[in-house]
Amino acid sequence: AHAAMPHRLYTLIFPMVWPKGQVLLGMKKRGFGQGKLNGFGGKVEPSESIEQGAIRELEEESGLHATKVNKCGLLLFYFEDNPVAMEVHVFMAHEYSGEVTETEEMRPEWFDIDNMPFSQMWADDKCWWPLARHGRSFVGRFWFKSDQVTITRQTLTPVDSL
Ligand code: 6OG
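The rules behind these values
Per chain, residues are indexed from 1 in the order of the written sequence. Per-residue local features are limited, in this predicted model, to residues with pLDDT of at least 70; the limit for side-chain atom pairs, both in listing and counting, is 80 or more; totals at the level of whole chains, interfaces and linings are taken over all residues. The side-chain numbers reported here are obtained from all heavy atoms of the structure, hydrogens and water having been left aside. Residue types Ala, Val, Leu, Ile, Met, Phe, Trp, Tyr and Cys, when buried and joined through side-chain atoms within 4.5 Å, form a set referred to as a nonpolar core. Partly exposed residues are those whose accessible area sits between 20% and 50% of the maximum for their type, while under 20% is buried and over 50% is exposed, using a 1.4 Å probe and protein chains only. In this text, helices come from DSSP runs of H or I with a minimum length of four residues, and strands from runs of E with a minimum of two, each type numbered from the N-terminal end. By the convention used here, residues are in contact when the closest approach between their heavy atoms is within 4.5 Å. A single heavy atom is enough: if one lies within 4 Å of a molecule or strand, its residue is considered near that molecule or strand. Here a polar contact is recorded for every N or O atom pair within 3.5 Å, except that within protein the pair must consist of a potential hydrogen donor and a potential acceptor, and residues adjacent in sequence are included only if both atoms are side-chain atoms. Only protein atoms enter the 1 Å grid used here, on which a cavity is any set of points holding a 1.4 Å probe that cannot leave and a pocket is any open set flanked by protein within 12 Å on both sides along at least five of seven lines; residues with an atom within 4 Å of a point are listed as lining. Grid points define the cavity or pocket, and a molecule sits in it when more than half of its atoms lie within 2 Å of them. Classification convention: Asp, Glu, Lys, Arg as charged; Ala, Val, Leu, Ile, Met, Phe, Trp, Tyr, Cys, Pro as nonpolar; all other residues, Gly among them, as polar.

If you look at the biggest cluster of nonpolar residues, it comprises 29 residues, and the most contacted ones within it are Phe14, Val23, Trp128 and Trp129. Sorting the residues of this core by element identifies strand 1 (7–17), strand 2 (22–28), strand 4 (65–79), strand 5 (85–97), helix 2 (125–133) and strand 7 (137–144) as the ones contributing at least two each. Setting aside residues up to four positions removed in sequence, Trp128 forms contacts with Leu12, Phe14, Leu75, Val90, Phe138, Phe142 and Leu156. Within the second largest apolar cluster, 12 residues are counted, among which are Ile13, Leu24, Leu58 and Ala93.

Structure (structure tokens):
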């Protein structure tokens, strides 16, 4: 049944600093997820690959140009009252150039990877972040109520590769 459900492709990318253990999040200033802290990303354009979409969105929203990215997760989100599922491809950016810049969409801020501001993030993030933080790949599915806060069902599976 899930395979038949229509879905739309999105990216989500997190710039990381090693060995300092920091990750760049952005406070979303407008649109879907407004007011939440999240990685950077958005819809994939028909003319680009998913990885190109992640790199483009990161640049548009944070000013950083990623030169080395790793796929790390696949997230599927199902919202009550929305027949279109979100298929979100998650990446870590380990190398990048440019300066972190506040944009119309995002206010960027560095956080410690072991002290994440989960209370200000989407409710699914605290479930899969420990895997991502330890370099594990994962596939997760989360069913949200239309309040965009309550998770009614979830699955999360570490995988060897994506
Ligand atoms: P635009 O509407 O800005 O793309 N996104 C989520 N991220 C997390 N961590 N949890 C969720 O739980 C999310 N739902 C959406 C994907 C939306 C951006 O928000 C992410 C995209 O990066 C439901 O084009």
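Along the chain, Thr103 falls in the loop between strand 5 and strand 6 (106–112). On the basis of relative accessibility, which here comes to 16%, the residue Thr103 falls in the buried class. Aside from chain neighbours lying at most four places away, what touches Thr103 is Lys29, Glu60, Glu61 and Ser62.

Right, let's talk about the site of the ligand for a bit. In the vicinity of the ligand lie 17 residues, with Thr11, Lys28, Asn38, Asp124 and Asp125 positioned nearest. Interatomic distance of 2.9 Å between a side-chain N/O atom of Lys28 and an oxygen atom of the ligand. Between Asn38 and the ligand, the recorded distance is 2.9 Å, taken from a side-chain N or O atom to a nitrogen atom. One can see that the ligand is located within the largest pocket. Listing elements by their share of the shell around the ligand, those giving two or more residues are strand 1 and strand 4. If you tally residues by element for the shell around the ligand, the top one is strand 1, at 3 residues. For the shell around the ligand, the residue count by class is 8 nonpolar, 4 polar and 5 charged.

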